[in-house]
Amino acid sequence: MRARLDPRSTGPRKPPASRAVLLLALLVLASCGADEPAATPSSGRSATPGRNTTGASQQGPGPFRWTGDPKRDASLRGVRIRARQVASLNEPTVLIPRPHDDRMYAAERSGRIRMLAHDGDGLRVTGSTVLDISDDVTIESERGLLGLAFAADGSVLYVSHTNANGDTRLESYDLRDDGTAAASSKQVLLAQKQPFANHNGGDVVLGPDGDLYFGLGDGGATDDPDNRAQNPKELLGKILRIDPTHRTAGRPYSIPAGNPYRSGGGRPEIYLSGVRNPWRFTFDRANGDLWIGDVGQNAVEEIDWFAKGTAAGRNLGWSGYEGSVSYADGSGRRPNRSVPPVFEYRHEDGGCSITGGFVYRGRRVEALRGAYVFADYCAGQLRALRLGADKKVTDERLLGVAITQPISFAQDDEGELYVLSQAGGVFGLEPR
C-alpha cells in the first residue's frame, strides 16, 4: 500500500473538514506514485490519526482506459456481474473464512477483528469481537491491522499489524471454542522495524504446503533508498515463508526446506525477493499457483504469477525494475535474476495502485471461472485476466463493476469472491 491520492503526503492528518480533504484521508492506507520523502522517518502512533468512518466518501472511482483487444477477450466478454453490499465495517482490510467454521472473520484497520455470520444472502456482523489490539496499533499513513490467517485446523489465528511504535509484528493467538482469541496466548513470531510509515506490506497467507507466507514492502520512502528489496540480509522487500508449527533454536518457527537462504547467504525466512509493496498475494485454491499484486512507483503496476512450488528464490526486480521497465535502484545496480510480471498496466492509462485478488473458483459466475480478478485502488474498477496454455495473458478486460477504494479481496469456502472498500463496504460478486 502507498499514500494513494496525495503521493507527497507524510505523517498524520487531523480529521478533515471538507469533502475533498476527507477523500484524501480515505486514500492514506495505500498509495500511488512518488511517496514519503526519505528524510521523514517513521514516527510511531499518531495523536490525530487521519482515518475515516464507514462510508464517509461518496466519490466514485476515476477513469480507467482499457487497452485490451476485444477480439482476444472473447471468453471474458460474456461475464456479467454486479457487486452487492452485504456488510459494513470500519475500514476493513481483510476478510477470511475460518476452517471448520461457517463464519467469516474481518480485520478493521484500527485493530479490531470482527466475526461475521452468513445471514440469508448477506453477512451479519455479530456482537462478538474476536480480538481487539487497538491499543498496540498505529494507523498513521499506511499502517494498521493489515493481515490475518488461520492455521489449517482453525485453532490458531495469525495477525499482522504495525504496533504503537510503527513497527511490523506477526503474532499468533490461540482460539477458544467460540471463535474468540485468547489475548493471553499472544506470541510474537516475527518483529521487523519499519524505517518509514509506508510500504509496510503485511499480507499473511497460509500456503497450500501448510507454511505461513508473509509479505513485507521495501520499508517505504521513494525508490527504496537503502536498496533493501535486493539485500538478502534484509527482510524488507520480500515475501517470507516460515513453519510456525515447529520451533528451532532461538526462533518460534522453523525454516522450510527450499527457502533460498536456508543454508546461509541471507535471511533464511526469505522465500522470494525484489517486491516493492506486495499488496495482496494469493494461492489458487485449484492448483496452488501463486499470484502477487505488487504496487508500482510512478508508472507501472504489476501482477506476478508462479506455478505451484516454483517461486522459491526468484527475484521480481524492484528497485532495478518497475514492472518490466528498467529503473535505477538505490545502488545503481540491476538484479541478476529478475522475473518479469505476467501482466502490467501503466498509470497513464488510469489507476495508480494495484489491489491483488483471487483466481475465481466459485459457481455463481460460470464465465468467470479460472480468471484472476483484481482491481486498482485509485481507479476503483474491477478487472480480470486469463492465462493461456503458454502461461501468457490471453484475455483481459474490465468487468463493468466500480467500487470506491477497493482495498482487498476475499474468498469464502465456496470460492465466491468479495471486495472490501476502505470506505467501509463489503461487497459480494454475483451474476446480473
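Residues numbered from 1 in each chain as written. Predicted model: local features only at pLDDT ≥ 70, side-chain atom pairs only at ≥ 80, totals over all residues. Heavy atoms only, no water.

**Some thoughts on the overall build of the protein chain**
Stage number 1. Of the regular secondary structure elements, the protein chain holds two helices and 26 strands.
Stage number 2. The 432 residues of the protein chain split such that 62% are buried.
Stage number 3. Here the analysis covers contacts within the protein chain between residues at least 6 apart in sequence; of these, 61% occur between residues at least 24 apart.
Stage number 4. As displayed, the protein chain offers around 16000 Å² of accessible surface, 46% of which is attributable to carbon and sulfur atoms. (Helix = DSSP H or I, 4+ residues; strand = E, 2+ residues; numbered from the N terminus. Buried < 20%, exposed > 50% of the residue type's maximum accessible area, 1.4 Å probe, protein only. Contact = heavy atoms within 4.5 Å. Areas by Shrake-Rupley, 256 points an atom, 1.4 Å probe, with all protein chains shown as cover.)

**With respect to the confidence of the model for the protein chain**
Stage number 1. Across the protein chain, the average pLDDT comes to 85, with 81% of residues at 70 or higher.
Stage number 2. Here residues 1-34 scores under 50 on pLDDT; set against residues more than four positions off or in separate chains, the count is 125 contacts.
Stage number 3. Taken as a whole, residues 36-74 scores under 50 in pLDDT and shows 123 contacts with residues more than four places along the chain or in a different chain. (pLDDT = per-residue confidence, 0-100.)

**Looking at unusual backbone geometry**
Stage number 1. Cis geometry is found at the peptide bond from W318 to S319, where omega equals 5°.
Stage number 2. In this structure, A221 takes a positive phi of about 65° despite not being glycine.
Stage number 3. Counting through the fold element by element, A221 comes out in the loop between strand 11 (212-216) and strand 12 (238-242).
Stage number 4. The class of A221 is buried, set by a relative accessible area of 0%.

**Some thoughts on the sheet that holds strand 1 (residues 81-88)**
Stage number 1. Judged by pairing direction, the sheet is antiparallel, and its four strands sit side by side in the order 1-26-25-24 without closing on themselves. With partners counted over all chains shown, the strands left at the sheet margins are strand 1 and strand 24 (406-411), one partner each. The average undirected angle you get between the axes of adjacent strands in this sheet is 30°.
Stage number 2. As defined by bridge partners, strand 1 adjoins strand 26 (residues 425-431) across seven bridges and the pair is classed as antiparallel. For A83, the partnering residue across the bridge sits in strand 26 and is L429. (Pairing = 2+ DSSP bridges. Axes fitted to C-alpha atoms, helices over the stretch in contact; angles between N-to-C directions.)

**Thoughts on the nonpolar core**
Stage number 1. Within the largest apolar cluster, 29 residues are counted, with the highest numbers of intra-cluster contacts made by L95 and I303.
Stage number 2. Those elements giving two or more residues to this core turn out to be strand 1, strand 3 (104-108), strand 16 (300-306), strand 19 (343-346), strand 20 (354-359), strand 21 (372-376), strand 24 and strand 25 (417-421).
Stage number 3. Sequence-distant contacts of I303, defined by excluding residues within four places in its chain, comprise W291, I292, P341, V342, F343, I354, Y372, F374 and L385.
Stage number 4. F358, Y360, V373 and I403 belong to the second largest nonpolar core, which has 20 residues in total. (Core = buried A, V, L, I, M, F, W, Y, C linked by side-chain atoms within 4.5 Å.)

**Focus: the pattern of salt bridges**
Stage number 1. Here the structure, examined in full by the defined rule, presents 21 salt bridges.
Stage number 2. For R109, the salt bridge goes to E91, with nearest N and O atoms at 3.2 Å. With R109 in the loop between strand 3 and strand 4 (112-119) and E91 in the loop between strand 1 and strand 2 (92-97), this residue pair connects regions lying 18 residues apart in the sequence.
Stage number 3. With a closest N to O distance of 3.6 Å, K186 and E171 form a salt bridge. Residue K186 is located in the loop between strand 8 (168-174) and strand 9 (187-192), and its partner E171 is located in strand 8; the two are separated by 15 residues in the primary sequence.
Stage number 4. Assessed through its relative accessible area of 42%, K186 is described here as partly exposed.
Stage number 5. Each member of the salt-bridge network shares a partner with another, and the members are R82, R84, D121 and E430. (Salt bridge = Lys/Arg side-chain N within 4 Å of Asp/Glu carboxyl O.)

**So, the packing of aromatic side chains**
Stage number 1. Following the criterion strictly, the structure yields eight aromatic pairs and no others.
Stage number 2. For the ring pair Y105 and F150, a centre distance of 5.1 Å and an interplane angle of 75° mean the geometry is edge-to-face. Here Y105, found in strand 3, pairs with F150, found in strand 6 (residues 145-150); they are 45 residues apart in sequence, far enough to count as distant. Of the two residues, Y105 and F150, both sit in the buried class.
Stage number 3. Taken together, a centroid distance of 4.4 Å and an interplanar angle of 10° make the contact between W291 and Y372 stacked. Within this pair, whereas W291 is found in strand 15 (residues 290-294), its partner Y372 is found in strand 21, the two being separated by 81 residues in sequence. Both residues of the pair, W291 and Y372, belong to the buried class.
Stage number 4. Among the aromatic side chains, those forming a connected cluster through ring pairs are W291, F343, Y345, Y372 and F374.
Stage number 5. In this structure, R276 packs its charged tip against the face of W318, placed 5.4 Å from the ring centre.
Stage number 6. Across the ring face of W279, the terminal group of R280 is positioned such that the distance to the ring centre comes to 3.7 Å. (Phe/Tyr/Trp six-rings, centres within 6.5 Å; stacked < 30°, edge-to-face > 60°. Lys NZ or Arg CZ within 6 Å of the ring centre and 35° of its normal.)

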